[in-house]
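Architecture at a glance
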Amino acid sequence: MNILVVRTDKLGDFITALPSIYVLRKHDANNRIIVCVAPLNVGLAKECDFIDEVIVDELESSVFALAQKIKDAKIDASVTLFSNTRVALAQFLARIPQRIAPATKIAQIFYNYRVKQKRSEVKMAEFEYNLALTKELFPDISLEYKKPLLSFDDATKIYDVFCVNNDINRKVVAFHVGFGGSSDANWNLDEYEILIREVLKQDKYQVVLTFGPDEVELYEDMQMRLRDTNIVFYLSLDGLVYFAKLVSQFKLFVSTSTGTYHIASLVGCATMTFFGDSLFASAKRWKGVGDEKLQEHFMLPIEQEKRAIIFEDVKKKLSLF
């Protein structure tokens, strides 16, 4: 059976789709899994041995061009984990016999199997809602998946080269201080500096600060703030897959709830993560796909007094890590 799984939004959102893709592939060895993703996520998708083919939704192309790509893949059924009118219409035009999607937005009219999930109620995490949709295709499917879900044969070698190039001879605690995705809560840079220096005081770990390719200004700012330290500042210009391989070897990844956090959880790195104090932005909705024992979550409220209490808690935990 040729199954199309559609998730064409941001990095973290795509990662929440991977458990669903894995269980569909595992359910029947004869299932061929094709994914439709945004250009950003192509490299990561191709690293997953449970994905057989990748269709890229290039927004500059027409919906008819996307429909043709889907039609050429000879899809028997599709599971759209997050829909919009473009991907819904493309599947309709491609005449996929069985088209499953959440019953939300006007786009649902293009699907012939619509599932009421009410994700805004956050009764489950995003990836758990995605997993639930697979049962519409195979009611007897097992929703269990391996953790970490993604691993790399050459990750240790790449990490060793990174350590040699940066004179690293200790386990790494990494901080990603930037924002991204749907994240709406984070510490300010002054607060991050305090937390980072708390780890440095232990003289136990090598601290690495990571930055996305569009965070050059932030990268330079943090270098100035921490110029008296031996911190390694890594501007990620080597691609998403290389970054994932590095993170898989780190001891701890500290960040707000953004795509990089989801990568860390995906590849088995322990995480300390900051979420907005609302149901929409909460850890309940956006927890990682990895082992929950490796995830530590903090909800950051707006009220300064409550925020200060949580900050001291985070500071203490980093000092004892």
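The text that follows walks through the structure, step by step, so that each part is easy to find. Throughout this description, residue numbers start from 1 for each chain and increase along the sequence as written. Whole-chain, interface and lining totals are the exception, using all residues; otherwise, since this is a predicted model, local features are given only for residues with pLDDT of at least 70 and side-chain atom pairs are given and counted only at 80 or more. To get the side-chain values, take all heavy atoms of the structure and skip hydrogens and water.

Looking at the state of the cysteines
The disulfide definition used here is simple: a pair of cysteine sulfur atoms within 2.5 Å. Per the stated rule, a full pass over the model turns up 0 disulfides. Between C36, a cysteine without a disulfide, and C48, which holds the nearest cysteine sulfur, the sulfur-to-sulfur distance is 15 Å. For every residue, the accessible area (1.4 Å probe, protein chains only) is compared with the maximum for its type, and the residue is labelled buried under 20%, exposed over 50%, or partly exposed between those bounds. Judged by its relative accessible area of 2%, C36 falls in the buried class. Here C163 is not disulfide-linked; the sulfur of C269 is the nearest cysteine sulfur, at 13 Å.

With respect to the sheet that holds strand β8 (residues 206–211)
Strand order in the open sheet formed by 6 strands is β9-β8-β7-β10-β11-β12, and the pairing between neighbours is parallel. What marks the edges here is a single partner per strand, and that holds for β9 (232–235) and β12 (295–300). On average, adjacent strands in this sheet sit at an angle of 20° to one another, irrespective of strand direction. A pair of strands is treated as paired once DSSP finds two or more bridges between them. A run of H or I in DSSP counts as a helix once it spans at least four residues, and a run of E counts as a strand once it spans at least two, with each numbered from the N terminus. Two elements, strand β10 (residues 252–256) and strand β11 (residues 270–276), share 5 bridges in a ladder whose sense is parallel. Residue pairing in the sheet places V254 in a bridge with M272 of β11. Here helix α9 (residues 216–225) sits on the sheet in contact with β8 and β9, set at roughly 175° to β9. The contact definition used throughout considers only heavy atoms, calling two residues in contact when any of these lie within 4.5 Å. Only the stretch in contact is used when a helix axis is fitted, and all axes are lines through C-alpha atoms; the angle between N-to-C directions ranges over 0 to 180 degrees. The strands that helix α13 (residues 304–320) touches are β7 (172–176), β10, β11 and β12; relative to β12, the one it contacts most, it runs at about 155°.

A few points about the pattern of salt bridges
Should a side-chain nitrogen of Lys or Arg be within 4 Å of a carboxyl oxygen of Asp or Glu, the pair is scored as a salt bridge. Counted according to the given criterion, the structure contains 22 salt bridges. With a shortest N-O distance of 3.4 Å, K287 and E128 are connected by a salt bridge. In this pair, K287 is assigned in the loop between α12 (283–286) and β12 and E128 in helix α6 (residues 126–134), connecting sequence segments 159 residues apart. Judged by its relative accessible area of 25%, E128 is partly exposed. Within this structure, R7, D9, D13, R119, E126 and R285 form a network of salt bridges that share partners.

Description of the nonpolar core
Judged by nonpolar contacts, the single largest core of 61 residues is most densely connected at L18, I21, F250 and L266. Apart from residues lying up to four places away in sequence, L266 is in contact with I15, L18, L44, P148, L149, L150 and V289. Counting 31 residues, the second largest nonpolar core, distinct from the first, contains Y205, L300, F311 and V314. We call a set of buried Ala, Val, Leu, Ile, Met, Phe, Trp, Tyr and Cys residues a nonpolar core when their side-chain atoms join them within 4.5 Å.

With respect to the packing of helix α10 (residues 240–247) against helix α11 (residues 259–266)
In the contact formed by α10 and α11, the axes pass within 9 Å of each other and the chain directions differ by 55°. Judged by the inter-axis angle, α10 sits oblique to α11. Note on packing geometry: the crossing formed by α10 with α11 is right-handed. Along the contact surface, α10 presents L240, F243, A244 and V247, while α11 presents T260, I263 and A264. Residues that form the contact of α10 with α11 fall into these classes: 6 nonpolar, 1 polar and no charged. Angle categories are assigned with fixed cut-offs, so that under 35 degrees is roughly parallel, over 145 is roughly antiparallel, 65 to 115 is roughly perpendicular, and the rest are oblique. Take the far helix as the reference: if the near one is turned anticlockwise from it by less than a right angle, the crossing is left-handed, and if turned clockwise, right-handed. Just so you know the grouping, Ala, Val, Leu, Ile, Met, Phe, Trp, Tyr, Cys and Pro go in nonpolar, Asp, Glu, Lys and Arg go in charged, and all remaining residues, Gly too, go in polar.

Topic: the environment of Y205
In this structure, Y205 sits in the loop between α8 (189–202) and β8. Residues Y205 and I168, spaced 37 residues apart in sequence, show a C-alpha to C-alpha distance of 9.4 Å. Look past the residues within four positions of Y205 in its chain and what remains in contact with it is R170, K171, V173, V199, K251 and F321. Whenever two N or O atoms come within 3.5 Å, that pair is a polar contact, provided that in protein one can donate a hydrogen and the other can accept it, and provided that, for residues adjacent in sequence, both atoms are side-chain atoms. A distance of 3.5 Å separates polar atoms of two side chains, one belonging to Y205 and the other to K204. A polar side-chain atom of Y205 sits 3.5 Å from the main-chain carbonyl oxygen of F321.

Describing a nonpolar patch on the surface
Exposure above 30% relative accessible area and the absence of a salt bridge qualify a residue for a patch, where like charges join within 9 Å and nonpolar side chains (Val, Leu, Ile, Met, Phe, Trp, Tyr) within 5 Å. Each accessible area is a Shrake-Rupley estimate made with a 1.4 Å probe; only the visible protein chains count as cover when residues are assessed. Taken together, the side chains of F64, F92 and L93 present a nonpolar region at the surface, about 300 Å² in accessible area. Looking at the element boundaries, L93 is found in helix α5 (residues 85–93). Given the relative accessible area of 32%, L93 is considered partly exposed.

Focus: α6
Most of α6 is tucked away, with 7 of its 9 residues classed as buried. Turning to α6, its buried residues number three or more, namely E126, F127, Y129, N130, L131, L133 and T134. The secondary structure elements touched by the buried residues of α6 are α2 (18–27), β4 (77–80), β5 (98–102), β6 (113–115) and α12.

Regarding the packing of α8 against α9
For the pair α8 and α9, interaxial distance at closest approach is 11 Å and the crossing angle is 55°. On the basis of their axis angle, the class for α8 and α9 is oblique. You can see that α8 and α9 cross each other, and the crossing is right-handed. Packed against α8, whose contacting residues are L189, D190, E193, I196 and R197, the element α9 presents L218, D221, M222 and R225 at the interface. The class makeup of the residues in the contact of α8 with α9 is 4 nonpolar, no polar and 5 charged.

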